Amino acid sequence: MPKRREQVNISKVLILSLAMAGAYLIGMATGGRLGFYGATVPPSFNKFSEVLHLVDKAYVDDVAVDTLVQGAIEGLLSNLDPHSVYIPPKEQTQIAERFAGEFSGIGIQFEIRDNHILVVSPIPGTPADRLGLSAGDRIVEIDGVSTFGITNDDVFERLRGPEGSEVRLTILRPGEDEQFELVVTRSRIPIHSVDAAFLLDDGITGYVIINQFTSITTIELETALDSLALLGMKQLVVDLRGNSGGYLGQADQVANLFLPGGREIVSTEGRILNEREALYSSNVHTPLGHSFQQIPLVVLVDNGSASASEIVAGAIQDNDRGLIIGRPTFGKGLVQSPFNLEDGSVVRITTARWYTPSGRCVQRPWDKGLGEYFMEASGLVEEEDSTSSDMDATRKQQYHTRTGRTVYGNEGIRPDLDVDPGRLSDYGVKLVRSRVVIDWSRKLADSLAIPEMDFVNFRDHWTLSPELEREFIRYAKKEKDIEFDARGWAEDRKFILNQIKAELAMRIYNGREFMWQVLVTEDNQVREAMRQMEQADSLFRAPSAPL
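Residues numbered from 1 in each chain as written. Predicted model: local features only at pLDDT ≥ 70, side-chain atom pairs only at ≥ 80, totals over all residues. Heavy atoms only, no water.

(A) Expanded view of the overall build of the chain. Of regular secondary structure, the chain possesses 20 helices and 22 strands. Counting only carbon and sulfur atoms, one obtains 51% of the accessible surface of the chain, whose full area is about 25,400 Å². (Helix = DSSP H or I, 4+ residues; strand = E, 2+ residues; numbered from the N terminus. Areas by Shrake-Rupley, 256 points an atom, 1.4 Å probe, with all protein chains shown as cover.)

This is how it looks when you write it as structure tokens:
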């Protein structure tokens, strides 16, 4: 049973919001004040000003003009394309922080559970980690003030702060009756875009998850690849599933790590420049001197892979550098440039299209409306049969890779090998969406003594006892009113038990990387990637097609 990241994240709707966030950032990393480039103001602007004045003076209720203007801006941009957007000041600050790759704080991943802050995992090397905060700890007071009923925004405001400043935390640890205090000195905290990097169980296949393309993604990836090379990595799986994108420049640099010198990575063409500009690989090495231009390579994608993720996948596919495996990607081939407004808000306007090395634009049409556009990309509505040869000939634009393989434009990146991640039964969906897996696993972890076995033995040999399975089913019925479904349990049992085991691994061994190492053991797309390494390598070494 696969990892099925879309079910684990409760809803495919989450993928849509992530894809929108990725759409904001791809493009030029610099912004400027919005200008009209010498254009005269159209007469229709006077009409807009007149209507705004009428509403302000004559509407039956008082209205906030700022709200009207913001709505007008949003309406204007929504008529352009799905990815030209207005970003209010507060939201822009959060986006800029996330893609800058760091912030100042204490260094925890958390969730609000039972009205308090629950530490999901300390970020390695941060103040919270060095002072011994552990998965499962509850922060019950911050600077002497109770955290009961706290919101996510409140947590950010109270735990983040200037570098070098102090915050006093009161902690309640599972299994202990007495609370204790920690005084934590805030420091710069990295926001990792490489979620995990480790060797799979064959001991030679490296596995790297990239969750977004921020300003430090390439640095993180180089560090991860160097570490895996030192451990004996001979082949590599790069997981871009659910990666909504980010900076175009980072996508270029990531693809550059894997392509021989002189290969086109991506090109862009827009109205302002009015010519196509291409980026090429340059045969780069990592800081430790390793080269990854020859290593057998598979890239995993799905319908949550968008924007910068598609640039990387398209460069690998069109150059026949490796195999693309998974499900069709989102289909976002537009580049946005940010323009800063006086109040700190930003408009991101589509200024170019980007093209893969074969010349295709992956942008899907949005003529059915934005709702249908995002629903279709997420898999929430069925697309027409994409395997029909008639449709290939009449509706799709055909392009060719380095070796002459046919690929298609205007539909995202179609994987070389389409592997269905699997589906949960209705019972399994209820268990996942209700968070009963997470809640019960947390309670179980709190009650278990830390296993004497090391993590590898835990991953390979530890199993949930039949009695604990029955306890989980009873808990789901009692706490979430989920009636037991014998058939659904039989179908999804292996997957659900692996989810529980992954949650336990994260909490017991105190790190999200342990969770990922458990999850991939039941991920059929990862297993298929390992089986296809020889094919990926032979494709890369095949001669180019004659011109």
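More follows now that the structure is in view.
(B) Structural context of the packing of helix α3 (residues 44-58) against helix α4 (residues 65-78). For the pair α3 and α4, the least separation of the axes is 11 Å and the interaxial angle reads 145°. At the point where α3 passes α4, the crossing takes the right-handed sense. Of the residues in α4, those touching α3 at Phe48, Leu52, Val55 and Asp56 are Val65, Leu68, Val69 and Ala72. Of the residues contributing to the contact of α3 with α4, the split by class is seven nonpolar, no polar and one charged. (Axes fitted to C-alpha atoms, helices over the stretch in contact; angles between N-to-C directions. Left-handed = near helix turned anticlockwise from the far one by under 90°. Contact = heavy atoms within 4.5 Å. Nonpolar A, V, L, I, M, F, W, Y, C, P; charged D, E, K, R; others polar.)

(C) Broad picture of helix α9 (residues 248-256). Counting buried positions over the nine residues of α9 gives seven, a clear majority of the element. Within α9, the full set of buried residues consists of Leu248, Gln250, Ala251, Asp252, Val254, Ala255 and Asn256. (Buried < 20%, exposed > 50% of the residue type's maximum accessible area, 1.4 Å probe, protein only.)

(D) Focus on the sheet that holds strand β16 (residues 297-301). Here we have six strands laid out as an open sheet, ordered β11-β12-β13-β16-β17-β22, and mixed in their pairing. Both edges of this open sheet fall to β11 (194-199) and β22 (417-418), since each of them pairs with a single strand only. Of the pairings in the sheet, the one linking strand β13 (residues 235-239) to β16 comprises four bridges and is parallel in character. Its bridge partner being in β16, Val238 is matched across the sheet by Val299. Together, β11 and β12 (205-210) form the strand contacts of helix α18 (residues 512-519), whose direction differs from that of β11 by roughly 60°. (Pairing = 2+ DSSP bridges.)

(E) Local environment of the pairing of strand β18 (residues 334-340). Counting buried positions along β18 yields six of seven residues, so the element is predominantly enclosed. Between β18 and strand β19 (residues 346-355), which pair antiparallel and follow one another directly, the connecting turn spans five residues, one of which, Gly344, has a positive phi of 95°.

(F) Quick look at the packing of aromatic side chains. Overall, the coordinates contain ten aromatic pairs when judged by the stated rule. Centroid distance Phe110 to Phe156: 5.8 Å. Interplanar angle 75°. Geometry classified as edge-to-face. Of this pair, Phe110 sits in strand β4 (residues 108-113) while Phe156 sits in helix α7 (residues 152-159); the two residues are 46 residues apart in sequence, bridging distant segments of the chain. Summarising the aromatic geometry, the rings of Phe455 and Tyr509 are spaced 5.5 Å apart at their centres and angled 80° between planes, so their arrangement reads as edge-to-face. (Phe/Tyr/Trp six-rings, centres within 6.5 Å; stacked < 30°, edge-to-face > 60°.)

(G) Just the pattern of salt bridges, in detail. Inspection of the entire model under this criterion finds 25 salt bridges. Linking Arg241 and Asp239 is a salt bridge whose minimum nitrogen-to-oxygen distance equals 2.7 Å. Pair check on accessibility: Arg241 and Asp239 agree, each one buried. Via salt bridges that share partners, Asp239, Arg241 and Asp523 belong to a single interconnected network. (Salt bridge = Lys/Arg side-chain N within 4 Å of Asp/Glu carboxyl O.)

(H) Region of interest: the nonpolar core. With 54 residues, the main nonpolar core has Leu431, Phe472, Ile496 and Ile500 as its most contacted residues. It is helix α17 (residues 486-509) that provides the largest number of residues to this core, a total of eleven residues. Look past the residues within four positions of Ile500 in its chain and what remains in contact with it is Val437, Trp440, Ser441, Leu464 and Phe472. Counting 39 residues, the second-largest nonpolar core is a separate cluster that includes Ala251, Val266, Leu297 and Val312. (Core = buried A, V, L, I, M, F, W, Y, C linked by side-chain atoms within 4.5 Å.)

Any functional reading would require information beyond the geometric quantities listed.
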